[in-house]
Amino acid sequence: MIYEGDPLQFWVFMRTFENSVAKSSLSDGAKLTRLLQYCKGLAGRVIQHCTVMDPKDGYCNTISLLKERFGSNYIIADAWINKVTGEGAIASHDKRGIREFADDLKICHQTLDAMGHLSEVNTQKVILSIVECLPGFVRNRWIREVRLIRKKKDRVPNFVDLVEFVKDIVDEICDPVYGKLSYNRKEGNSSSNKSGSTRPRNKGSNFSVTTDVVAQGSCLKCKKESRTLFECTEFKGMGARDRLSFARDK
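The structure reproduced in this document is the subject of the present report. Within each chain, residue numbers correspond to sequence positions counted from 1 in written order. Local features are withheld for residues below a pLDDT of 70 in this predicted model, meaning they are given only at 70 or higher, and side-chain atom pairs are given and counted only at 80 or more; totals for whole chains, interfaces and linings count all residues. The side-chain numbers reported here are obtained from all heavy atoms of the structure, hydrogens and water having been left aside.

1. Some details on the overall build of the protein chain
Now for step 1: Helical segments are the DSSP runs of H or I of at least four residues, strand segments are the runs of E of at least two, and each set is numbered from the N terminus. When helices and strands are tallied, the protein chain shows twelve helices and zero strands.
Now for step 2: Each residue's exposure class comes from its accessible area (1.4 Å probe, protein chains only) as a fraction of the maximum for that residue type: buried when under 20%, exposed when over 50%, partly exposed otherwise. Relative to its full complement of 250 residues, the protein chain shows a buried share of 32%.
Now for step 3: The contact definition used throughout considers only heavy atoms, calling two residues in contact when any of these lie within 4.5 Å. Nonlocal contacts in the protein chain, meaning residues at least 24 apart in sequence, comprise 59% of its contacts between residues at least 6 apart.
Now for step 4: Method for areas: the Shrake-Rupley scheme with a 1.4 Å probe, in which residue coverage is limited to the protein chains shown. Here the protein chain has roughly 16,300 Å² of accessible surface; of this, 48% comes from carbon and sulfur atoms.

2. Brief notes about the packing of aromatic side chains
Now for step 1: Aromatic rings from Phe, Tyr and Trp, with only the six-membered ring used for Trp, were paired whenever their centres fell within 6.5 Å, and each pair was classed as stacked if the ring planes differed by under 30 degrees, edge-to-face if by over 60, and tilted otherwise. Taken as a whole and judged by the stated rule, the model has seven aromatic pairs.
Now for step 2: Judged by centre distance (6.1 Å) and plane angle (70 degrees), the rings of Tyr-3 and Phe-10 are edge-to-face. In this pair, the class of Tyr-3 matches that of Phe-10, namely buried.
Now for step 3: Clustering of aromatic rings is evident, with ring pairs tying together Tyr-3, Phe-10, Trp-11, Phe-13, Phe-17, Tyr-38 and Phe-70.

3. Observations regarding a positive patch on the surface
Now for step 1: Only residues whose relative accessible area exceeds 30% and that form no salt bridge enter a patch; like-charged residues are grouped when within 9 Å of one another, and nonpolar side chains (Val, Leu, Ile, Met, Phe, Trp, Tyr) when within 5 Å. Between Lys or Arg on one side and Asp or Glu on the other, a salt bridge is scored when a side-chain nitrogen of the former is within 4 Å of a carboxyl oxygen of the latter. Here the positive residues are Lys and Arg and the negative ones are Asp and Glu; neither His nor the chain ends is included. For the purpose of locating charges, the reference atoms are NZ of Lys, CZ of Arg, CG of Asp and CD of Glu. Taken together, the side chains of Arg-144, Arg-147, Lys-151 and Lys-152 define a basic patch exposed on the protein surface.
Now for step 2: With respect to the secondary-structure elements, Arg-144 resides in helix H8 (residues 136-153).

4. Here's the deal with the environment of Arg-155
Now for step 1: With respect to the helices, strands and loops of the structure, Arg-155 is situated in the loop between H8 and helix H9 (159-173).
Now for step 2: Classification of Arg-155 by relative accessible area gives partly exposed; the value is 29%.
Now for step 3: Not counting chain neighbours up to four residues away, the residues in contact with Arg-155 comprise Ile-149, Arg-150 and Asp-161.
Now for step 4: What qualifies as a polar contact is a pair of N or O atoms within 3.5 Å, subject to a donor-acceptor requirement within protein and to the restriction that residues adjacent in sequence count only when both atoms come from side chains. In terms of polar contacts, Arg-155 uses its side chain to reach the side chain of Asp-161, at 2.7 Å.

5. A look at the nonpolar core
Now for step 1: We define the nonpolar core as a collection of buried residues of types Ala, Val, Leu, Ile, Met, Phe, Trp, Tyr and Cys that are connected through side-chain atoms lying within 4.5 Å of one another. By size, the foremost hydrophobic cluster in this structure holds 35 residues, and its most contacted members are Leu-105, Val-121, Ile-130, Phe-159, Leu-162 and Val-166.
Now for step 2: Taken together, the elements giving at least two residues each to this core come down to helix H5 (73-85), helix H6 (95-115), helix H7 (124-131), H8 and H9.
Now for step 3: Per-element tally for this core: the top contributor is H9, with eight residues.
Now for step 4: Tyr-3, Tyr-38, Ala-43 and Cys-50 belong to the second-largest nonpolar core, a separate cluster that totals 19 residues.

In structure tokens form, the structure reads like this:
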């Protein structure tokens, strides 16, 4: 049980400490010592000076300082908002990522609701920032969900709507049988068609070679300007391989 000053973990730590140490029959000095052992990093530095105080005063002051620095409702609410809006966009194939994000949204909702600060995330600006962290196809579905909420319920979507929506999406994606269907779609055309061509070129064709030869305007075999290479009887009398070899050499 180590606490390093993360506001998101403050009440988890404090409840554990209260149940295992604070409510025990240990002296205040022993409780203070335990608390100093459990707090590391920033949390440890904040309460370090309490060791020189009277054990009773030092213990009470330590609890007060930890709550003030890391357990304020406003600090925790702000930390949760940063948590659910500060992540980058989740990749469409990242099932684990979107599952963890859905869990974070649920914990955020329960925590802020218990503290009476749910209004902090119920603004459209915050909700939009959260939606921007979702995969593209989920964002598109949320747009349709917003339209339905406005049309059927005559109100704007709130944070609870988003939490339930993401939970349903995750249940679909992580379905053990049908969830994989969401990831079987091909991403557009192959790289060979990126240039805009709709028909592949026949690799065995010598069309580009022969058209260049024809474009010369005179026969390259008999040197007569009155006819093209394909009209030349000498060229026609050659075998197929010889004609191809002659055209390539020219």
